[in-house]
Amino acid sequence: MIRFTLRIMETRIVNTIPEWRYQAAVIARLHEMEDRGLPFTCAGDMNRAKRGRRERMEAKVTGMTAGEADVRVYMFGGRLLSIELKTPTGSRSKAQKDRHKKLIALGFTIVTLKADTPEEMADMVEQIVREHL
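Peer 1: I keep staring at the overall build of the protein chain and nothing clicks. Help me out?
Peer 2: Secondary structure assignment for the protein chain yields 4 helices and 4 strands. Listed N to C, the secondary structure of the protein chain is α-β-α-β-β-α-β-α in terms of helices and strands. Burial statistics for the protein chain: of 133 residues in total, 31% are counted as buried. The long-range share in the protein chain, meaning contacts at least 24 apart out of those at least 6 apart in sequence, stands at 65%. Total accessible area on the protein chain is roughly 9,600 Å²; 55% of this is exposed by carbon and sulfur atoms.

Peer 1: So what exactly am I meant to see when it comes to the side chain of Ser82 here?
Peer 2: Looking at where Ser82 falls in the secondary structure, it is placed in strand β3 (residues 79-86). Ser82 has contacts with Ala69, Val71, Arg72, Thr109, Ile110 and Val111, leaving out every residue within four places of it along the chain.

Peer 1: What am I meant to see in helix α1 (residues 19-35) here?
Peer 2: An α-helical segment advances 3.6 residues per turn. Residues three or four places apart therefore align on the same side. In this model, α1 (17 residues) spans 24 Å end to end at C-alpha, consistent with the 24 Å of a helix rising 1.5 Å per residue. Within α1, burial applies to Tyr22, Gln23, Val26, Ile27, Arg29, Leu30 and Met33. Seen along its axis, α1 keeps its buried residues to an arc of 165°; they face one direction. Taken together, the buried residues of α1 touch β1 (40-44), β2 (71-75), β3 and α4 (118-132). Looking one or two residues past α1, Gly37 carries a phi angle of roughly 100°, positive in sign.

Peer 1: For this particular structure, what's the right way to read the pairing of strand β4 (residues 109-114)?
Peer 2: In summary, the side chains of a regular strand alternate between the two faces of the sheet. Direction of pairing for β3 relative to β4: parallel, over a ladder of 6 bridges. Of the residues in β4, the one forming a bridge with Ser82 is Ile110.

Peer 1: Please clarify how the nonpolar core should be interpreted in this entry.
Peer 2: The tendency in soluble globular proteins is for nonpolar side chains to be buried as a group. If you look at the biggest cluster of nonpolar residues, it comprises 20 residues, and the most contacted ones within it are Leu30, Val71, Val73, Leu81, Ile83, Val125 and Val129. The dominant element in this core, judged by the number of residues it contributes, is α1, at 5 residues. Those residues within four positions of Val125 in sequence are excluded, and the remaining contacts are Val26, Leu30, Ile83, Leu85 and Leu113.

Rules of the game
Residue numbering note: each chain is counted from 1, following its sequence as written. Per-residue local features of the predicted model are confined to residues with pLDDT of at least 70, and side-chain atom pairs are confined, for both listing and counting, to 80 or more; whole-chain, interface and lining totals are unaffected and use all residues. Note that water and hydrogens are dropped before the side-chain values are worked out from all heavy atoms of the structure. What counts as a helix is a DSSP run of H or I of at least four residues, what counts as a strand is a run of E of at least two, and both are numbered from the N terminus. Think of it in three bands: with a 1.4 Å probe and only protein chains considered, a residue is buried below 20% of the maximum accessible area for its type, exposed above 50%, and partly exposed in between. In this description, contact between two residues means that some pair of their heavy atoms is separated by no more than 4.5 Å. Here the Shrake-Rupley method, with its probe set to 1.4 Å, supplies the accessible areas, and only the displayed protein chains count as covering residues. To estimate how far a helix should extend, the number of its residues minus one is multiplied by 1.5 Å. Starting at the helix axis, one direction is taken to each C-beta atom, and the arc is that of these directions. We call two strands paired when DSSP finds no fewer than two bridges between them. What we call a nonpolar core is a set of buried Ala, Val, Leu, Ile, Met, Phe, Trp, Tyr and Cys residues that are connected through their side-chain atoms within 4.5 Å.

Right, dumping it as structure tokens:
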């Protein structure tokens, strides 16, 4: 006699969208806002990009600093808004926590955002930038 055991498997939907896609959506939205004449400019950062040993050394000696926020928004009057982007399961690294704490102590504004989709992240960033203009 053969016995079968029926196991019910739980299905989980896992967000597999990489963080760079969130950043790309945010930068595209910020460029659209800038093109419409809003008074700011922006820059993205790729600190997390995969690099070989030589590239890591070159990045470090030329000033790339661990923990920098993903997006910087430069506003009128010399104000800087830094935005750290996280996927639904992402969290800040120790280097990010340390760097953000240091920059906040110097008076800079750093916002960490978490969203389910790149479009939702872009909407959140747009709202925050508009509030800070």
